[in-house]
Amino acid sequence: MENVEVFDVPGKGRGLRATKEVWAGDVLFAEPSFAAVVFDSMAEQVCHNCFRRQPKLHRCGQCKFAQYCNRTCQRAAWEEHKLECAAVKAFGKVPNENIRLAARILWRLDKEGGVVSDTQLTSLDDLENHVSDMTEEDLKDLKIDIHNFLDYWPHNSRQHKVEEISHILGVINCNGFSMSDQRGLNAVGVGLFPNLCLVNHDCWPNCTVILNNGNQTAVNTLFHTQRRIELRALGKISVGEELMVAYVDFLNVSSERKRLLKQQYFFDCTCKHCTEHIKDDLMLAGKEVDGKKASEEEVKEVMEYSLKMLEKIDKARTEGNYHEVVKICRECLEKQEQVLADTHIYMLRVLSTASEVLAYLQFMEEAATYARKMVEGYMKLYHPNNAALGMGTMRAGVTHWQAGLIEVGHSMICKAYAILMVTHGPTHPITKDLEAMRTQTEMELRLFQQNEYVYHSMREAALKNQPMSLRAEPVVEGIKNLFRRK
């Protein structure tokens, strides 16, 4: 790898640093998964090869479990699936995703060894498993997984010691990367990427990781591309500078991020944003009107109320009761807007949910109002090239566009495009979709500027002539953490 090298980081173990100067949007390295599987809950909704959501999938005729977009994806996946296929048939049922991933890893280790290419910087044996740091409850789950793995593992495959199986399951537990669908919004699977495991955490990182689902649609297999992750620079990185990514979402106060990192990844975060509590004051700020701030008692009271409402929102959302979600969000925002600042994380969570669910229910103008407020808060908190900021701005732009607010919609889509060009790159499917939207909204904006009446007349006619189409159903939670933990 010409752009990165492994080095020892005082107090952290190993890390990666740049060997040459790079700029925003540059790819430091791309890495195919050592092995990957879809989540149990997504097994019938996602292609087991390219991890794309598809309305119609083709089931494997042997094990009746694996599903694929088409014959092309099925053939591409066969090398990885064939041993799993026989094991599932013999076992008589499908084990959980951790066991399936561990089995795929061990089959590949048995065949190719711990280092499978010249670009792999570490063997799987050298990765941390943190089994000794696990809680009693996690250790109990690990023992159950080991027991089920031994039942599932074929007798004609090479047999492994319990310590080896425990190590692989432990590595998956703390280093399993969340795999997204082609929209990049929803986690649909988990994979292991050895080089990525060497990149350390910082709450305000200089890199981001994005999954490129690859391309298996071309008729000529010469043009097929692998499913892979890309480590992309968020800004200028000098020679010798350590490469860092954020393991958890920044939109939490430092104490909560530290708690999550300790609980999920077994280390104490000492980054500048945590030690100096940078932006904590904004995330918990009270509203200020004419130089007068809301009192601490008022802020505390509304925060306690907001927490209860967020629990109710999650419950209603999980049950699919979206009109109830909207009702609770409206009530909550009415109280929050009197006391909390526009950067308060509880208000931003409610705004995000309200805008997404209202757009799904086709209340576009109200959804656009909440989405704009959400993005305004995000811009004061997130890194200017944060992928979550880009995706949120894109969603807000599309909502404004669909609400007929073409000027704001086009402006937000352009801002989102600039961010995603850095975080996702020009060839990613999301960026390509956004580029098409940008072109379309630019044409509509020109028409609007020439004659507003004609623009709105044509828009109304177009809406009348086409049946109302629902957006994709809102998900309970997007991808918040870089690595996925069971």
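Where an unreviewed UniProt entry is consulted, the protein appears under the name [histone H3]-lysine(4) N-trimethyltransferase, with the organism given as Scleropages formosus. Quoted verbatim from the Catalytic activity (unreviewed entry) field of the UniProt record, the comment on the protein reads "L-lysyl(4)-[histone H3] + 3 S-adenosyl-L-methionine = N(6),N(6),N(6)-trimethyl-L-lysyl(4)-[histone H3] + 3 S-adenosyl-L-homocysteine + 3 H(+)".

We now examine the environment of Gln-74. Within the secondary structure layout, Gln-74 lies in helix H1 (residues 71–91). Gln-74 sits in the buried class, given a relative accessible area of 18%. Linking Gln-74 and His-58, residues 16 residues apart in sequence, is a C-alpha distance of 8.6 Å. With near-sequence residues (within four places) excluded, Gln-74 lies in contact with Cys-60 and Tyr-68.

What the rule picks out here adds up to 0 disulfides. Free of any disulfide, Cys-203 has its nearest neighbouring cysteine sulfur in Cys-274, separated by 3.6 Å. By relative accessible area, Cys-203 is classed as buried at 4%.

Okay, the packing of aromatic side chains next. Counting across every chain of the model gives 11 aromatic pairs. With a centroid separation of 5.6 Å and an interplanar angle of 70°, the aromatic rings of Phe-91 and Tyr-152 are classed as edge-to-face. One end of the pair, Phe-91, is in helix H1; the other, Tyr-152, is in helix H3 (residues 136–152), with 61 residues separating them in the sequence. Residue Tyr-152 is classed as buried on the basis of its relative accessible area, which comes to 2%. Here Trp-107 and Trp-153 contribute two aromatic rings whose centre-to-centre distance is 5.0 Å and whose plane-to-plane angle is 20°, an arrangement assigned as stacked. With Trp-107 in helix H2 (residues 97–112) and Trp-153 in the loop between H3 and helix H4 (162–175), this pair connects stretches of sequence that are 46 residues apart. Grouping residues by exposure puts Trp-107 and Trp-153 together as buried. Above the face of the Phe-34 ring, Arg-108 is positioned so that its terminal group lies 4.9 Å from the ring centre.

The next point concerns the UniProt feature "domain: MYND-type" (unreviewed entry) in the protein. The residues that UniProt annotates with the feature "domain: MYND-type" (unreviewed entry) are residues 47–85. Here residues 47–85 runs as 38% helix and 10% strand, with 15 Å between its end C-alpha atoms.

Our focus in this paragraph is the sheet that holds strand E8 (residues 187–192). Across a sheet, paired strands are connected by hydrogen bonds in the backbone, their directions being either parallel or antiparallel. Strand order in the open sheet formed by 3 strands is E4-E8-E7, and the pairing between neighbours is antiparallel. Both outer strands of the open sheet, strand E4 (35–38) and strand E7 (177–180), are each paired with one neighbouring strand and no more. Along the sheet, successive strands turn relative to each other by an average axial angle of 35°, direction set aside. Pairing analysis gives 4 bridges linking E7 to E8, with the strands arranged antiparallel. What sits directly across from Ser-178, in E8, is Val-190. On the sheet, H2 packs against E4 and E8 and is oriented at approximately 155° with respect to E4.

Neither face of E4 is exposed, since Ala-35 and Val-37 on one face and Ala-36 and Val-38 on the opposite face are all buried. Across 4 bridges, E4 lies against E8 in antiparallel orientation. Its bridge partner lying in E8, Val-38 is registered against Gly-189.

Attention now goes to empty space enclosed by the protein. Following the criterion strictly, the structure yields 1 cavity of 30 Å³ or more and no others. What lines the largest cavity is Ala-36, Val-37, Val-38, His-48, Phe-65, Glu-84, Arg-100 and Arg-104. Of all the secondary structure elements, the ones that give two or more residues to the lining of the largest cavity are E4 and H2. The element best represented in the lining of the largest cavity is E4, accounting for 3 residues. When the residues that make up the lining of the largest cavity are grouped by side-chain class, the tally is 4 nonpolar, 1 polar and 3 charged.

With that settled, the discussion passes to H2. Taking 1.5 Å per residue as the helical rise, H2 with its 16 residues ought to reach 22 Å, and the 22 Å between its terminal C-alpha atoms agrees with that figure. Burial analysis of H2 places 12 of its 16 residues in the buried class, which makes it a mostly covered element. Among the residues making up H2, those that are buried are Glu-97, Asn-98, Ile-99, Arg-100, Leu-101, Ala-102, Ala-103, Arg-104, Ile-105, Leu-106, Trp-107 and Leu-109. Looking at the buried positions of H2, the neighbouring elements they touch are E4, H1, H3, H4 and E8.

Taking 1.5 Å per residue as the helical rise, helix H5 (residues 254–265) with its 12 residues ought to reach 16 Å, and the 16 Å between its terminal C-alpha atoms agrees with that figure. Where H5 is concerned, the buried positions are Ser-254, Arg-257, Leu-260, Leu-261, Gln-264 and Tyr-265. Down the axis of H5, the buried set is contained in an arc of 125°. They therefore lie on one face. The positive-phi residue at the C-terminal boundary of H5 is Phe-266, with phi of around 65°.

About the criteria used
Residues numbered from 1 in each chain as written. Predicted model: local features only at pLDDT ≥ 70, side-chain atom pairs only at ≥ 80, totals over all residues. Heavy atoms only, no water. UniProt positions renumbered as here; feature names shortened; annotations may be inferred. Helix = DSSP H or I, 4+ residues; strand = E, 2+ residues; numbered from the N terminus. Buried < 20%, exposed > 50% of the residue type's maximum accessible area, 1.4 Å probe, protein only. Contact = heavy atoms within 4.5 Å. Disulfide = S-S within 2.5 Å. Phe/Tyr/Trp six-rings, centres within 6.5 Å; stacked < 30°, edge-to-face > 60°. Lys NZ or Arg CZ within 6 Å of the ring centre and 35° of its normal. Pairing = 2+ DSSP bridges. Axes fitted to C-alpha atoms, helices over the stretch in contact; angles between N-to-C directions. 1 Å grid on protein atoms, 1.4 Å probe; cavity = no way out; pocket = protein on both sides within 12 Å on 5 of 7 lines; lining within 4 Å. Points joined across faces, edges and corners; volume = space filled by probe spheres on them. Nonpolar A, V, L, I, M, F, W, Y, C, P; charged D, E, K, R; others polar. Expected span 1.5 Å × (residues − 1). Arc of directions from axis to C-beta.

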